[in-house]
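Summary of structural features
Chain by chain, the residues run as shown.
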Amino acid sequence: MHMINLVGVMSDFDELTKMLAIGGYMQPVNALQEINSSDFVLKTSNDNIEALMDVNYIRPYVSDKDYNISLKHITILEEAQNLIGIKGEYIKETIFDFDTSQKELSKVYDEYMVMNKKIEELQEKEEYLKNTYEALGFLKNVTVPMEEFTATENFRVDLYKVPQQNMVKLKANYENIPSIIKSVYTQDDFVIFLSFTPLLLLTETERIFKSANCEKILVPDHYIGLPKDVAVIIRSEINEIQKSMIKIQVELNVFLRANYRSIKNITNSYELEQKSEEIKKSAACTNEFFYLSGWIPRSFMESLDTLLLSFDERILIIRKKANEITNKAITPPTMILNNRLFKPFESMVLMYGVPSYDEIDPTIFLAITYTIMFGAMFGDAGQGLVILLAGFLLKNKARRVNLGGVLETLGISSIVFGFLYGSVFGSETVINALLIRPMENINDVLIGAIIFGCGFLIVGFILGITNSLRRKDIERGLFGKEGLAGFMFYIGVIILIVSIIYKKPLLPIAIWIIYFIFCLLLILLKQPLANIIKGNKILFEEGAKDYFIESGFEVVETLLSMFSNTLSFIRVGAFALNHVGLFVAFASMASMTKNGTASVLILILGNIVIIALEGLIVFIQGLRLQYYELFSKYYEGAGASFEPVKVKFK
Amino acid sequence: MGSIVEFSAINSKIKALIGKMLSQDQYIKLLNCKDYVSTVKALKEETSYSELLKDCNLDKMHRSDLENILHKHYISTYSKFIKYFSGEYRKLIKILFLRWEIEDLKMIIRGKYLNRSSEEIESRLIARSSLNTINYDYLLAFKNVEEVIGGLKGSRYYTHLKNLAKDISEKGLFRIETELDFVYFTSIRSELKHLNTENKEVVQNIIGMEADLLNLGWIYRGKTFYKILPEELFNYTIYNGYKLSKQTIRKLCYVNDMADFRDLIENTPYAYIYEKDDSTIIEKHEREFQKKYFKKIIRENKTNISLVMSYFMVYRIEVRDIISIIEQKRYSIDIKEGINYISLTL
């Protein structure tokens, strides 16, 4: 990981940030903070003189672009596209210049809106005519031509649309309203009513109606003839409108299809614009120059150099490796790289924590040990195949790449152990065991599990010590219970036990006792010892009394936890037995039924239960062994992951 | 049983929060501070607001900043409460929140009408939160009221305002604002259908009381200050009140003087509020009335939605009282007069 500081003239700023966003190379860091720390150093030379002078007027970059409305417009266009179901290929084009993309957008959007507006107007007209039609339905028995009662001398006929709840109020107050009101049509939330108002009282009445949020919808005075004839005319008008609406909708669809590329292009451009803003936000600038800081992984450095070539050396670059940084307040992010086989297991590590920058990524170790443990606990060639298939489906059909990938590997491991144990779908009669039959050699299986566990723990210890030493944490690395002292103690205990079992004493008991006490003393005195080595004057950071109480308990805990952690691995063997045991239960149930179909059904059910239930338990128990017994030895997971600003083109 | 599962967690939380509210003594202490700075200091050091005001520099803080902090804290407390609810109650809480969103929407519309800059409007908005149903930034980017209303397309407000967008004037604005208030009450009413009987009644009563008070205030002001036509007065009232029937409201709209007005509400709980014909006293009494009403609900401590609703009402009144006290101190109003502006009687 490198810390990169870039300085250049403002005119290049936009292009640079956009190119960085497309590449997805950089995780920006607040540039002002960087400048204030001592890591952003410009050498005093003639080339840099202007940039150096400008540093005095430095301020954070503030965006002056407002594209809230534009973004909404884009969403409207996209929604319109989705509505008619246009789907096409991904387009990787973008417009770099913001003004151009703005112009493009307004061009497309305006054209769209013209058509959309036409449709909306037609819809409104349709609704209006429909309302009129309903109102005329009320008048259908009137035998007076329309023109006669719309053109009365002293009265005025109006049609109003009013929200339901306001109609209630009008109704409650009928006696005070100087108009005859007759509701003619009611829908869920509104009412349409006809009003006959004396012309003299028209202004007052209108005021009242207005205050009740009544909407005047029609003055049907341009229609001539009997109401029922007019109704027919209106019906045909409605049909007419519906036809032209369909026509415009078709036009609109054609337009949207034709502009598919440019709409995608605009969407991408705005996406890019936003991402580049995101980078810019962390930058600092003066009137002429910009100052940009960020983390770039070593593997991207070359691409960055090629990118900068296009700027003809107009951009100054200062690079520092992560361990050269003096500002300790910022921690370098971690980019986790693993090959395809181990990648799915990353998610299991990340559930615990992101490895810090100077920590070993435990993914590979976890993947290998976890796979072996799962197989050992759930060794069955047939059921393993089911898990493998489930993983394959999850990965390819349901797009759950991580879970699918993990299940695939676990499935394979289960198949391999299935052959070793000689088990297919729980049955141990189909194939011969290549290695061992767990149920027949219970003790061997349990002891084997513990031996495996010891091996894993030893590797865990080594990883932990390496991690601590890399971090120059002497206290933990050399004298801690997860460090060298603890490791020596653990190895000692193992050797002692082995020698007792095989009855070949290597050393006299007294020497063993001295050795163990020595290791425990190291653990007890880890802080003062570390401080002596580092040359610190203070031996105890928080007072000697407190330290010894705490540390004394830690020694006791060391003894306990080493014992329990090792024994914990017994479960690997126990579950191997359990697996067989469960099937035996189902098999005896099947044989008790004495009915072919029923026993087959029970066996199938048994297999499903075993895969679902035991599979889950084994999955979790394995994870528990990883997190609790192994990670606590060597893994802290206190890092932050590398999250570059990157555009995802649609 | 179900109600215990649903409300016990939230009600314990509410109880704890009620314990943190200002006590009578603390109010008196604040009222007796000699100036603005010492009042804010007392608020910061001696009340539960210390946590909120911890990082504020009192010397530089403007009165309006403080108000903003109080308002926003109210809203953020409110937004957090959504996590205690699911299903219909979650919806109800969201709808009750509309009230503050509507206040902001009114602010935006009025601000655009007066050609205020977006930043200026923005600084007065209080209800920006995860519960919003409208996009603030999008609305703020528009230039005038008509566009703002157009921009509401797709929200629950649009159908109500569509018709009113044609007439943007001082009077039109009034219509828009009252219509927005109606949206709040209509939305609650339609949500009510989905609640069980007990909670339905609770919400109906609380909201009905709110509607009653608003109606009375509206009619009183319409009569005394603006001389609005009775029919219009009536059309702008909110229906489905708690103690006031439609007929009473209508009669109130048509009264000739305040004596008749008082006669009509004599037998309702609201008589106390309109005892004197003085708008300051009326307002004070109104707040006191509400406080008393909700405090009673809180004391009853039932396992239903009432506690949550009452807490937010009482908390609202507290915020208003604090703001009022701070205003008084800022403009050096005597405590004897100042007491008239808060919901407290010494």
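Residues numbered from 1 in each chain as written. Chains lettered and ligands numbered in written order. Predicted model: local features only at pLDDT ≥ 70, side-chain atom pairs only at ≥ 80, totals over all residues.

Turning our eyes to something else, we now look at the overall build of chain B. Secondary structure assignment for chain B yields 18 helices and zero strands. Buried positions account for 32% of the 346 residues belonging to chain B. Long-range pairs, those at least 24 residues apart, make up 57% of the contacts in chain B between residues at least 6 apart in sequence. (Helix = DSSP H or I, 4+ residues; strand = E, 2+ residues; numbered from the N terminus. Buried ≥ 20, exposed ≤ 12 C-beta atoms within 10 Å, placed from the backbone. Contact = placed C-beta atoms within 7 Å.)

This paragraph deals with the overall build of chain A. Along its length, chain A carries 23 helices and 10 strands. For chain A, the residues scored as buried account for 32% of the 650 residues in total. Within chain A, counting contacts between residues at least 6 apart in sequence, those at least 24 apart form 79% of the total.

All right, on to unusual backbone geometry then. If you check the backbone angles, Arg399 of chain A has positive phi at about 60° while not being a glycine. Note on placement: Arg399 of chain A falls in the loop between helix 14 (381–396) and helix 15 (401–421). For Asn301 of chain B, which is not glycine, the phi dihedral falls at a positive 55°. Asn301 of chain B sits in the exposed class, given 11 other C-beta atoms within 10 Å.

Taken together, the contact between chain B and chain A spans 16 residues of the former and 18 residues of the latter. Top contributing element to the side of chain B that touches chain A by residue count: helix 13 (residues 230–235) of chain B, with five residues. Of the residues assigned to the side of chain B that touches chain A, the class counts are seven nonpolar, three polar and six charged. (Nonpolar A, V, L, I, M, F, W, Y, C, P; charged D, E, K, R; others polar.)

We now examine the confidence of the model for chain B. All names here are of chain B. Summarising the model, chain B shows a mean pLDDT of 87, and 99% of its residues fall at 70 or more. When pLDDT is averaged over each element of chain B, helix 6 (residues 87–113) comes out on top at 91 and helix 18 (residues 335–338) at the bottom at 82. For this predicted complex, the interface confidence reaches an ipTM of 0.76, while the overall pTM sits at 0.68. (pLDDT = per-residue confidence, 0-100.)

Right, let's get into the packing of helix 4 (residues 68–83) of chain A against helix 10 (residues 260–281) of chain A. Residue and element names in this part refer to chain A. Interaxial distance between helix 4 and helix 10 falls to 11 Å at its minimum, and their mutual angle equals 145°. Handedness of the crossing formed by helix 4 with helix 10: left-handed. Between helix 4, through Ser70, Leu71, Ile74, Leu77, Glu78 and Gln81, and helix 10, the contact on the second element is made entirely by Ile263, Ile266, Thr267 and Tyr270. (Axes fitted to C-alpha atoms, helices over the stretch in contact; angles between N-to-C directions. Left-handed = near helix turned anticlockwise from the far one by under 90°.)

Below, the discussion takes up helix 8 (residues 202–211) of chain A. For helix 8 of chain A, the set of buried residues is Thr205, Ile208, Phe209 and Ser211 of chain A. An end-on view of helix 8 of chain A places all buried positions within 165° of arc, on one side of the element. The elements touched by buried residues of helix 8 of chain A are strand 4 (155–163) and strand 6 (190–198) of chain A together with helix 13 of chain B. Asn213 of chain A sits one or two positions beyond helix 8 of chain A and adopts a positive phi of about 55°. (Arc of directions from axis to C-beta.)

Now for the environment of Glu120 of chain B. Residue and element names in this part refer to chain B. Of note, Glu120 is situated in helix 7 (residues 118–124). Of the residues examined, Glu120 has 11 C-beta atoms within 10 Å and is grouped as exposed. Note: C-alpha distance between Glu120 and Ile108 (12 residues apart in sequence) is 9.9 Å.

The first and last C-alpha atoms of helix 11 (residues 170–192) of chain B sit 34 Å apart over 23 residues, in line with the 33 Å expected at 1.5 Å per residue. Residues of helix 11 of chain B that are buried include every one of Ile176, Leu180, Val183, Tyr184, Phe185 and Ile188 of chain B, and no others. (Expected span 1.5 Å × (residues − 1).)

Residue and element names in this part refer to chain A. Along the chain, Lys633 falls in helix 23 (residues 596–634). Spatially, the C-alpha atoms of Lys633 and Phe461 are 6.0 Å apart, while their sequence positions differ by 172 residues. When near neighbours in sequence (up to four residues on either side) are disregarded, Lys633 contacts Leu457, Gly460, Phe461, Gly464 and Glu482.

With that out of the way, let us pick up the pairing of strand 6 of chain A. All names here are of chain A. The pairing of strand 4 with strand 6 spans nine bridges and is classified as antiparallel. Bridging from a neighbouring strand, Arg156 pairs with Thr197 of strand 6. Note that strand 5 (residues 180–186) and strand 6 share six bridges and pair antiparallel. Across the sheet, Tyr185 pairs through a bridge with Ile192, a residue of strand 6. As consecutive antiparallel partners, strand 5 and strand 6 are separated by three residues. (Pairing = 2+ DSSP bridges.)

Residue and element names in this part refer to chain A. Its location among the elements puts Ser599 in helix 23. A C-alpha to C-alpha distance of 8.1 Å links Ser599 and Ala587, two positions 12 residues apart in sequence. Those residues in contact with Ser599, other than ones at most four positions away along the chain, are Ala590, Ser591 and Thr593.

Let's shift gears to the packing of helix 16 (residues 442–470) of chain A against helix 23 of chain A. Residue and element names in this part refer to chain A. Between helix 16 and helix 23, the shortest axis-to-axis distance is 7 Å and the interhelical angle comes to 30°. Between helix 16 and helix 23, the angle is such that the two are roughly parallel. Contact with helix 16, carried on its side by Phe456, Leu457, Gly460, Phe461, Leu463, Gly464 and Asn467, involves Leu630, Lys633 and Tyr634 of helix 23 and no other residues of that element. Class assignment for the residues of the contact of helix 16 with helix 23 results in six nonpolar, three polar and one charged. (Parallel < 35°, antiparallel > 145°, perpendicular 65-115°, else oblique.)

Here we take up the nonpolar core. Grouped burial of nonpolar side chains is what soluble globular proteins tend to show. Residue and element names in this part refer to chain B. Counting 70 residues, the largest nonpolar core has Phe97, Ile108, Val148, Val308, Tyr311 and Phe312 as its most contacted members. Here this core takes 12 residues from helix 6, the largest share from any one element. Once residues lying within four places of it in the same chain are set aside, the contact partners of Val148 are Ile108, Ile109, Lys112, Leu139 and Phe142. (Core = buried A, V, L, I, M, F, W, Y, C linked by C-beta atoms within 7 Å.)

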